[in-house]
Amino acid sequence: MKRFFSLFICLLLITLVACDGKITNVDGLLINEVCTSNDNVICNDEWDYYDYVELYNSTNKSINLKKFTIATDDHSYKFKNCIIKPKGFQIVFFTKDMVTDKKFEYADFKLSKSGENIKLYRPDGTLTDEIKVPSLETNVSYGRYNINGRDDLEIINPSPLKANETKPIYKYIESPDFSLESGFYKSNQTLTLSSSSDVKIYYTLDSSVPTKDSIL
């Protein structure tokens, strides 16, 4: 008798640092926080909410962003005159709308909720900072926080124009790998579930949602 089943997984006991957790900045100008779906976190003077990247000047000197470039894998934006004061912040909104507000910087493209690589380049074209942003829900951010004297990257509560929280909302992990494509099979198959993360994977064979009491 043919037996078809659906397989669901549940990930528990998450301990992995988000993505690769690399802190790449060498100049003190940081990509501090990224929000790829903003509908009530921060707006401009015209009451418009756009996805944003927050930059932070961690040095004791003002930095002129003129000719710096912020980019994703598909788009880029070159700054005009824009001064970040020492220990100051700068919001860059991402929108294709025509905007007259001059308080913030506006990149003429949008960010993806499913994840982005955000890069910051010096005027000479060399990379000064980079963050690999995972898929994010609405009104949460991916940013830097400091714990026990060590900088890290994680999903956090948004805090535009001020210091980030020191505690992440939750840990982000990559989806597990399936050794077979989803679908129906007419013969016996061996399916392997694996993960590079330090997690436990629970599954069921009856289409029910897994719990910690399901098959490990």
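As the structure is a computational prediction, the values presented were derived from the model and not from experiment.

(A) Structural detail: the environment of Asn57. Relative to the assigned elements, Asn57 resides in strand S3 (residues 51–57). Judged by its relative accessible area of 0%, Asn57 is buried. Apart from the residues lying within four places of it in its own chain, the contact partners of Asn57 are Gly28, Leu29, Ser62, Ile63, Ile84, Lys85, Pro86, Lys87 and Gly88.

(B) Structural view of the pattern of salt bridges. In total, this model carries one salt bridge according to the counting rule given. Its salt-bridge partner being Asp129, residue Arg144 comes within 2.7 Å of it at the nearest N-O pair. Taken as a pair, Arg144 in strand S12 (residues 141–147) and Asp129 in strand S11 (residues 127–133) lie far apart in primary sequence, 15 residues in all. Here Arg144 and Asp129 have matching classes, each one buried.

(C) Local environment of the side chain of Asn164. Along the chain, Asn164 turns up in the loop between strand S13 (150–156) and strand S14 (177–178). Note on Asn164: relative accessible area 13%, which makes it buried. Residues in contact with Asn164, not counting those within four places in the same chain, are Asn32, Glu33, Glu54, Gly143, Arg144, Ile156 and Ser159.

(D) Highlighting the nonpolar core. Of all hydrophobic cores here, the largest spans 27 residues; its most connected members are Val53, Leu65 and Phe79. Sorting the residues of this core by element identifies strand S2 (29–35), S3, strand S8 (89–94), strand S10 (116–121), S11 and S13 as the ones contributing at least two each. Looking at this core element by element, the count peaks at three residues for S2. In contact with Phe79, not counting residues within four places along its chain, are Leu55, Leu65, Lys66, Lys67, Phe68, Thr69, Ile70, Val92, Glu105 and Leu120. Core analysis: the second largest hydrophobic core is formed by eight residues, Cys35, Ile42, Tyr50 and Phe93 among them.

(E) Geometry of the pairing of S10. Only one face of S10 is buried, namely the one carrying Glu116, Ile118 and Leu120, since none of Asn117, Lys119 and Tyr121 on the opposite face is buried. Here strand S5 (residues 69–71) runs beside S10; their pairing, made up of three bridges, is antiparallel. Along S10, the bridge assignment pairs Thr69 with Tyr121. Relative to S11, S10 runs antiparallel, the two sharing six bridges. The residue of S11 that forms the bridge with Lys119 is Glu130. Connecting the antiparallel pair S10 and S11 is a turn made up of five residues, with Gly125 showing a positive phi of about 90 degrees.

(F) Region of the structure containing the sheet that holds S5. An order of S6-S5-S10-S11 is seen for the four strands of this open sheet, with the pairing classed as antiparallel. Bordering the open sheet on either side are strand S6 (76–78) and S11, each of which pairs with just one other strand. Taken pair by pair, the neighbouring strands of this sheet meet at an average axis angle of 10 degrees, ignoring direction.

(G) Representation of the side chain of Glu54 in the model. Relative to the helices and strands, Glu54 is located in strand S3. Within polar-contact distance, the side chain of Glu54 engages the backbone nitrogen of Leu161 at 2.5 Å. Sequence-distant contacts of Glu54, that is, excluding residues within four places in its chain, are made with Leu30, Ile31, Asn32, Glu33, Phe89, Gln90, Ile91, Ser159, Pro160, Leu161, Lys162 and Asn164.

(H) Just the packing of aromatic side chains, in detail. For the structure on display, the rule yields seven aromatic pairs. Seen in terms of ring centroids, Phe94 and Phe109 are 5.2 Å apart; in terms of plane orientation they differ by 70 degrees. Their pairing is edge-to-face. Residue Phe94 is located in strand S8, and its partner Phe109 is located in the loop between strand S9 (105–107) and S10; the two are separated by 15 residues in the primary sequence. The structure contains a cluster of three or more aromatic residues connected by ring pairs, namely Tyr50, Phe93, Phe104 and Tyr106.

Calculation criteria
- Residues numbered from 1 in each chain as written.
- Predicted model: local features only at pLDDT ≥ 70, side-chain atom pairs only at ≥ 80, totals over all residues.
- Heavy atoms only, no water.
- Helix = DSSP H or I, 4+ residues; strand = E, 2+ residues; numbered from the N terminus.
- Buried < 20%, exposed > 50% of the residue type's maximum accessible area, 1.4 Å probe, protein only.
- Contact = heavy atoms within 4.5 Å.
- Salt bridge = Lys/Arg side-chain N within 4 Å of Asp/Glu carboxyl O.
- Core = buried A, V, L, I, M, F, W, Y, C linked by side-chain atoms within 4.5 Å.
- Pairing = 2+ DSSP bridges.
- Axes fitted to C-alpha atoms, helices over the stretch in contact; angles between N-to-C directions.
- Polar contact = N/O pair within 3.5 Å; in protein donor to acceptor, adjacent residues only side chain to side chain.
- Phe/Tyr/Trp six-rings, centres within 6.5 Å; stacked < 30°, edge-to-face > 60°.

Structural measurements only, silent on function.
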